[in-house]
Amino acid sequence: MKTKFIKIRAISEIDPSKITVYDLNNRYIDPEGRMYGLRYNRRDRKIEIIRIIRTPANSAGFYQQKVVESKRSGKSSRPESESTPASPDTISDIFERADAPIDETAIGDADGADAAVSYVLDGFDPDDVVNKALELLKTHKGRLHGMMINISNTQISSKVSREIGTSIETALRNLDLDGIQKIDKVMGLNKELVSFPRSVQYYIARLDTQTKDIVEAFGSQDEQMRFIFLYEMYWALVSMYKSLAAIVNQTLVSLAEVNETEVKDLTTPDRQHIKDSRISLENTSVEVANMLKKLEMLRMHIYKAERL
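Numbers given for residues are sequential positions, taken from 1 along each chain in its written order. Whole-chain, interface and lining totals are the exception, using all residues; otherwise, since this is a predicted model, local features are given only for residues with pLDDT of at least 70 and side-chain atom pairs are given and counted only at 80 or more. Calculated side-chain values reflect all of the structure's heavy atoms, with hydrogen atoms and water omitted.

**Here we look at the packing of helix α2 (residues 126-154) against helix α6 (residues 221-256)**
To be explicit about the condition: Between N-to-C directions, angles span 0 to 180 degrees; the directions come from axes that are lines fitted to C-alpha atoms, helices contributing only their stretch in contact. Each helix corresponds to a stretch of at least 4 residues labelled H or I by DSSP, and each strand to a stretch of at least 2 residues labelled E; elements are numbered beginning at the N terminus. The scheme is simple: roughly parallel for angles under 35 degrees, roughly antiparallel for over 145, roughly perpendicular for 65 to 115, oblique for anything else. With the far helix as reference, a near helix turned anticlockwise by less than a right angle produces a left-handed crossing, and one turned clockwise produces a right-handed crossing. Residues are treated as being in contact if the distance between any of their heavy atoms lies within 4.5 Å.
Running from N to C, α2 and α6 cross one another at 30°; their axes reach a closest spacing of 11 Å. What the angle tells us is that α2 and α6 run roughly parallel. Crossing geometry of α2 relative to α6 is assigned as left-handed. Counted together, P126, D127, V130, A133, L134, L136, L137, H140, L144 and I151 of α2 and R226, F229, L230, M233, L237, M240, Y241, L244 and L255 of α6 form the full contact between these two elements.

**Let's talk about the pattern of salt bridges**
A side chain of one charge can pair with a side chain of the opposite charge when the charged atoms of the two come close. Keep this limit in mind: Basic side-chain nitrogens of Lys or Arg form a salt bridge, by our definition, when they fall within 4 Å of a carboxyl oxygen of Asp or Glu. A simple rule labels every residue: compare its accessible area, found with a 1.4 Å probe on the protein chains alone, to the largest value its type can have, and call it buried under 20%, exposed over 50%, or partly exposed in between.
In the structure shown here, the tally under the stated rule is eleven salt bridges. Between K132 and D128 there is a salt bridge, and its shortest N-O distance comes to 3.3 Å. Taken together, the residues span about one helical turn, with K132 and D128 both in helix α2 at a distance of four residues. Looking at K132, the relative accessible area reads 43%, which means it is partly exposed.

**Some points on the packing of aromatic side chains**
Stated precisely, the cut-off is as follows: Side-chain rings of Phe, Tyr and Trp, where Trp is taken by its six-membered ring, are said to pair if the distance between their centres is within 6.5 Å; with planes under 30 degrees apart they count as stacked, over 60 as edge-to-face, and otherwise as tilted. Criterion for a charge above a ring: Arg CZ or Lys NZ at most 6 Å from the ring centre, at most 35 degrees from the ring normal.
Going through the model one piece at a time under the given rule, you end up with five aromatic pairs. Plain terms: the ring middles of Y202 and Y203 are 5.1 Å apart, the flat faces sit at 80° to each other, and that makes the pair edge-to-face. Owing to a relative accessible area of 1%, Y203 belongs among the buried residues under this scheme. An angle of 65° between the planes, with centres 6.4 Å apart, marks the rings of Y231 and W235 as edge-to-face. You can see Y231 and its partner W235 sitting in helix α6, four residues apart, about one turn around the helix. Overall, the relative accessible area of 12% leaves Y231 in the buried class. The rings of F218, F227, Y231, Y234 and W235 are connected pair by pair, giving a single aromatic cluster. Between the NZ or CZ atom of R198 and the centre of the ring of Y202, over which it lies, the distance is 4.5 Å.

**Points about the nonpolar core**
This is how the line gets drawn: For this analysis, a nonpolar core means a set of buried residues of the types Ala, Val, Leu, Ile, Met, Phe, Trp, Tyr and Cys, connected via side-chain atoms within 4.5 Å.
I14, M233, L237, Y241 and L295 are the most contacted members of the largest nonpolar core, which has 69 residues in total. The dominant element in this core, judged by the number of residues it contributes, is α6, at 18 residues. L295 has contacts with V129, Y234, L237, V238 and Y241, leaving out every residue within four places of it along the chain.

**Re the packing of α2 against helix α3 (residues 162-195)**
The criterion, for reference: Each residue gets one of three labels, nonpolar for Ala, Val, Leu, Ile, Met, Phe, Trp, Tyr, Cys and Pro, charged for Asp, Glu, Lys and Arg, and polar for the others, Gly among them.
For the pair α2 and α3, interaxial distance at closest approach is 10 Å and the crossing angle is 155°. It follows that α2 is roughly antiparallel to α3 by the angle criterion. Two packed elements cross with a definite hand, and for α2 against α3 that hand is left-handed. Contacts between α2 and α3 pair L134, L137, K138, H140, K141, L144, H145, M148, I151 and S152 from the former with I168, L172, L175, D176, G179, I180, I183, D184, V186, M187 and N190 from the latter. A per-class count over the contact of α2 with α3 returns twelve nonpolar, five polar and four charged.

**A few points about helix α5 (residues 209-216)**
Heads up, the rule is: Within 3.5 Å is the distance limit for a polar contact, defined as a pair of N or O atoms, with the added protein rule that one can donate a hydrogen and the other accept it, and that residues adjacent in sequence qualify only through two side-chain atoms.
Every buried residue of α5 is accounted for by T211, D213, I214, V215 and E216. At the N-terminal boundary of α5, the capping side chain belongs to D208, with an oxygen 3.1 Å from the backbone nitrogen of Q210.

**Here we look at unusual backbone geometry**
Of note in the backbone geometry, Q155 takes a positive phi value of approximately 55° without being a glycine. Under the relative-accessibility criterion, Q155 is labelled partly exposed at 49%.

**A few points about the side chain of N174**
Topologically, N174 is positioned in helix α3. A distance of 3.0 Å separates polar atoms of two side chains, one belonging to N174 and the other to Q250. When neighbours within four sequence positions are excluded, N174 is seen to be in contact with G179, I247 and Q250.

**Focus on the confidence of the model for the protein**
The following threshold applies: Every residue carries a pLDDT, the predictor's confidence in it, which falls somewhere between 0 and 100.
Confidence along the protein averages 75 in pLDDT terms, with 71% of residues attaining 70 or more. The spread of mean pLDDT over the elements of the protein runs between strand β6 (residues 90-97), the lowest at 31, and helix α4 (residues 200-204), the highest at 93. Counting contacts from residues 55-72, a segment whose pLDDT is below 50, to residues more than four positions away or on other chains yields 20 contacts. Segment residues 74-120 is flagged for pLDDT under 50; beyond a separation of four residues in sequence, or across chains, it makes 111 contacts in the model.

What follows is the structure, given as structure tokens:
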């Protein structure tokens, strides 16, 4: 989840009553350079404001020892890492509860706490994106299968140099392994989540700590499963489409290495198969790029929308 840095005048501008579980990755910085973050308290089922103390690397061991001692004594302080890159000579982040008073009244101006409230994508339908992505995968699967057969039937890999022939054979193998077979796995995951989902706890156990906090903050198992469905499908689909982008590009590069003389040695039908395959790959590349943009909107919805 991308970290969002928000400038505040004072800690009292952070209004817990307006913060949702989707803001857990926010960082707040006051004029004195003090940084605050958010943490979901599982026991009390509420979001807490925490102070982030940045220490030099040569002091990290001392503070980490203190954190271990705190845990042993039952205190809640714990180390946590920033998601932004750290410079080589700094940054061991120790999280503590903020000891400053928290004013739980909302701030009214648009540049204050309201700016940190979760953002809703107007008119965005996550189910529509998931369904269209799955339908397009079915199209891609059939297309990839057809291309594999057509290119293989031309026997072009045996009519070019060994290096180019090996490149084409590798591309065809990846069309199956990283394309068709992975598409089947995504379809299987969707069928599982829709038709016979496992227990909520099964899926929660597979999540990273921060995402677990988000899921466990929902009030009912239905809400938790709703989040899990979109979360699981997003990551499966975005991984699938990135894989498609890579193998489509690899196949295009391999076919582009075939020179004009070698193409002329093919029969007219085989030359047409190669030409059709290139056009199909180019169209697939455009469709994949467009779908990745839509999936990015799905990611924003999952992590930023107040309601799913």
